[in-house]
Structure formats: C-alpha cells, structure tokens
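# A look at the structure
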Amino acid sequence: MLEIRNLKKTFGDHEVLKGVDVRVEKGDVIAILGPSGSGKTTLLRCMNFLERADSGTMIFDNEEIDLAKITSGQIRQIRKKTGFVFQNYCLFNNKTALQNVTEGLIIGRKMKKEEACRIGKKALDKVGLSDKYDFYPHQLSGGQQQRVGIARAIATDPEVIFFDEPTSALDPELIGEVLGVMKDLAKDGVTMVVVTHEMDFAREVGTQIIFMEQGTVTEENTPEEFFRAPKNERTRQFLRRILEKSAREAAE
C-alpha cells in the first residue's frame, strides 16, 4: 500500500534521516518508537510532505515517486489519500469543532457545505463529540481538542492516517480518551502510522514496531517479539529505561 525506501533528510550539517525504509500494508498499525532526536517526527512529516525529503522513493497505490523530484500536484494527490494528526492539535481557534472538521472538505475538496457538515458530524460522533459541534477550542479540554483533530483526519476517509505523538501534549488523565479513540479506529481496520511513547498502546494495538535511533531504523518486529526479546542492545536499554520510569510514576 505504502512503502518508503532509503529516505534521507538533512537540516544544515545535521543528517536527521540516514536512509530509512518503511513498509505499510492496508490495516496496519505501525508504531514508531525511539528516543527524542531519533528522527521519528521528521520521518512522519516527510511521509506527508510537511517536510521535503532530500532523497528516497515512495511507492503509494502502485505509483513509484522520486521524493527529490516530486511535484506539487503529486503531493496534493497523495495528501487527498492521507490524514495527519498533530502533537498540538493545530485547530483554528476562531472556528467551532464542526467548522474545524469541515474546513478542509469545503475549501480543499470543494465539497458543498451541507454534505461537509453531514460528514463532519459523523466524524465527531465517531470520536465521542456529538455534543460539542458548536464548541470552540478554548471551550474544550486538550483531549477533546485532539479528538477534533482525529475527526478532521478521518472525515476525508483517508487510506492512511499519520499520528505524531498524539498524546504528548495531554495531561495524564486525558491520554486514555485519545488512545481509546485510536484503538477503536484500529478495530475498524483504519491504517495508521503512529509516532508514540505509549508503550502499552504499541504493544496492544500495533501490528509492527519500528525502533529508531540516530536517524536509522535499528530494529523492526512484531509487538510480541519486540517487547519479549528485542534483538538490539540499544532497544533493550530504551525499554528498560521506559519501564523503570513507568514503575516510578506508578509508585508515586
């Protein structure tokens, strides 16, 4: 369905991505893990062209594209088939929840307002916000704002949704409601690529785990094998540190 080959990205003299490969099949939930600065978010942004890769190849719906030569028209066509959920929601503060969801449908896809509203309400219902259509972002909790962001992504019926650490900006008590929505999407067969620090989500929902370190993929495996018997010593160190931190937080 979607494949990335040898993707490279440099900012100035800093090589952030050093030739990354990713393969996504329909219905997959790919969880991308790794320490801060490993290139996870940059990879995700390059896959949706929020950043332009320096080189590499994308194969999407059987079309092979040179990422260094991709045209704006090709980017528009790919984005019509994808959704993106940001860390910090990225909602329009002067628009209601429903308007945030329908804006892209009306402006970007030239959809009639009545049809866009029908789809927008259905998307908000899907994420548990059927009573918040007319609420502005400042009237919503962080978890609710992020669920509006997810509704905006699913409203376009994308082939794949990219999630960039969707719970990182949330208070701990709000994380569960967002992960719950994502689990429901996974049960419905929605294809997702998720950059996350939520180990339980990756273990329970992921179909494949990718671990990144210093701009490369150092380990890739099923959740069962990744958490039970990681092959790479750096992966083992990362998991030990995460598990120790979780244990400390649980004891506090």
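Residues numbered from 1 in each chain as written. Predicted model: local features only at pLDDT ≥ 70, side-chain atom pairs only at ≥ 80, totals over all residues. Heavy atoms only, no water.

### Topic: the overall build of the protein
Worth spelling out the cut-off: Secondary structure is summarised from DSSP: a helix means a run of H or I of at least four residues, a strand means a run of E of at least two, and numbering begins at the N terminus for each. The globule rule is 2.2 Å times the number of residues to the power 0.38, and the radius of gyration it is compared with is taken over C-alpha atoms. Exposure categories follow from relative accessible area, calculated using a 1.4 Å probe and restricted to protein chains: below 20% of the type maximum is buried, above 50% is exposed, and the middle band is partly exposed. The contact criterion used throughout is that any non-hydrogen atoms of two residues lie within 4.5 Å. Residue-level accessible areas treat just the shown protein chains as cover; the underlying method is Shrake-Rupley with a 1.4 Å probe. Neither His nor the chain ends is counted toward charge; the positive residues are Lys and Arg and the negative residues Asp and Glu. Throughout, a charge is located at the NZ atom of Lys, the CZ atom of Arg, the CG atom of Asp or the CD atom of Glu.
Broken down by element type, the protein carries nine helices and ten strands. For 252 residues, the compact-globule formula gives about 18 Å, and the C-alpha radius of gyration of the protein, at 18 Å, lands near that figure. Each principal axis of the C-alpha atoms in the protein carries an extent, and together these give about 55 × 50 × 35 Å. Residue burial in the protein is summarised as follows: out of 252 residues, 50% are buried. If you take every contact in the protein between residues at least 6 apart in sequence, the share linking residues at least 24 apart comes to 63%. A total of about 12,400 Å² of accessible surface is found on the protein, and carbon and sulfur atoms cover 45% of it. Where the 37 positive side-chain charges of the protein centre and where its 39 negative ones centre are 4 Å apart.

### Details of the sheet that holds strand E9 (residues 208–213)
So the rule is basically this: Paired strands, as defined in this entry, are two strands with at least two bridges between them according to DSSP. What counts as an axis is a line fitted to C-alpha atoms, over the stretch in contact for a helix, and the angles between N-to-C directions run from 0 to 180 degrees.
A sheet is described by the order of its strands in space; here six strands give the open sequence E6-E7-E8-E3-E9-E10, paired in mixed fashion. Unpaired on one side and paired on the other, strand E6 (82–85) and strand E10 (216–221) mark the two borders of the sheet. Strand-to-strand twist in this sheet, taken as the mean axis angle between neighbours without regard to direction, amounts to 20°. Sitting on the sheet, helix H5 (residues 142–154) is in contact with E6 and strand E7 (160–164), with an inclination near 170° to E6.

### Section: the state of the cysteines
Let me state the cut-off plainly: When two cysteine sulfur atoms are found within 2.5 Å, that pair is recorded as a disulfide.
In this structure the tally under the stated criterion is zero disulfides. Distance from the sulfur of Cys 46, which forms no disulfide, to the nearest cysteine sulfur (Cys 90) is 17 Å. For Cys 46, a relative accessible area of 2% corresponds to the buried category.

### Concerning unusual backbone geometry
For residues besides glycine, phi is generally negative; the peptide bonds are generally trans as well. A positive phi angle, near 65°, is found at Phe 49, a position not held by glycine. Looking at where Phe 49 falls in the secondary structure, it is placed in the loop between helix H1 (40–47) and strand E4 (55–60). The residue Asn 62 is not glycine, and still its phi comes out positive at about 70°. Relative to the helices and strands, Asn 62 is located in the loop between E4 and strand E5 (63–66).

### Observations regarding the sheet that holds E4
Here we have four strands laid out as an open sheet, ordered E2-E1-E4-E5, and antiparallel in their pairing. In this open sheet, the two edge strands, each paired with only one partner strand, are strand E2 (14–24) and E5. Strand-to-strand, the axes of this sheet are offset by a mean angle of 15°, without reference to chain direction. Here strand E1 (residues 2–11) runs beside E4; their pairing, made up of five bridges, is antiparallel. Opposite Lys 8, over in E4, you have Ser 55 as the bridge partner.

### Details of the pairing of E7
What counts, and what does not: By convention, a crossover is right-handed whenever its connection, traced from the first strand over the helix to the second and viewed with the strands pointing away, goes clockwise.
Across the five residues of E7, five count as buried, placing the element largely inside the fold. Every second residue of E7 is oriented toward a common face, with Val 160, Phe 162 and Asp 164 on one face and Ile 161 and Phe 163 on the other, all of them buried. For E6 and E7, the ladder comprises four bridges, and the chain directions are parallel. Each bridged residue has a counterpart across the sheet, and for Gly 83 the counterpart in E7 is Ile 161. Bridge count for E7 against strand E8 (residues 192–195) is four bridges, and the pairing is parallel. Of the residues in E8, the one forming a bridge with Phe 163 is Val 194. Remark: the E7/helix H6 (residues 172–187)/E8 crossover connection has right-handed handedness.

### Focus on the packing of aromatic side chains
Worth spelling out the cut-off: For this analysis, a ring pair means two rings from Phe, Tyr or Trp (six-membered ring only for Trp) whose centres lie within 6.5 Å, classed as stacked if their planes differ by under 30 degrees, edge-to-face if by over 60, and tilted for the remaining angles. Whether a charge lies above a ring is judged from NZ of Lys or CZ of Arg, which has to be within 6 Å of the ring centre and within 35 degrees of the ring normal.
Counting across every chain of the model gives five aromatic pairs. Ring geometry for Phe 211 and Phe 226: centres 6.4 Å apart, planes at 40°, overall tilted. Taken as a pair, Phe 211 in strand E9 and Phe 226 in helix H8 (residues 223–228) lie far apart in primary sequence, 15 residues in all. The class for Phe 211 is buried, based on a relative accessible area of 0%. Overall, Phe 226 belongs to the buried group, its relative accessible area being 0%. With centroids separated by 5.2 Å and ring planes inclined at 80°, the aromatic side chains of Phe 226 and Phe 227 adopt a geometry described as edge-to-face. Feature note: the residues Phe 211, Phe 226, Phe 227 and Phe 238 constitute an aromatic cluster, connected by ring pairs. Above the face of the Phe 227 ring, Arg 203 is positioned so that its terminal group lies 4.3 Å from the ring centre.

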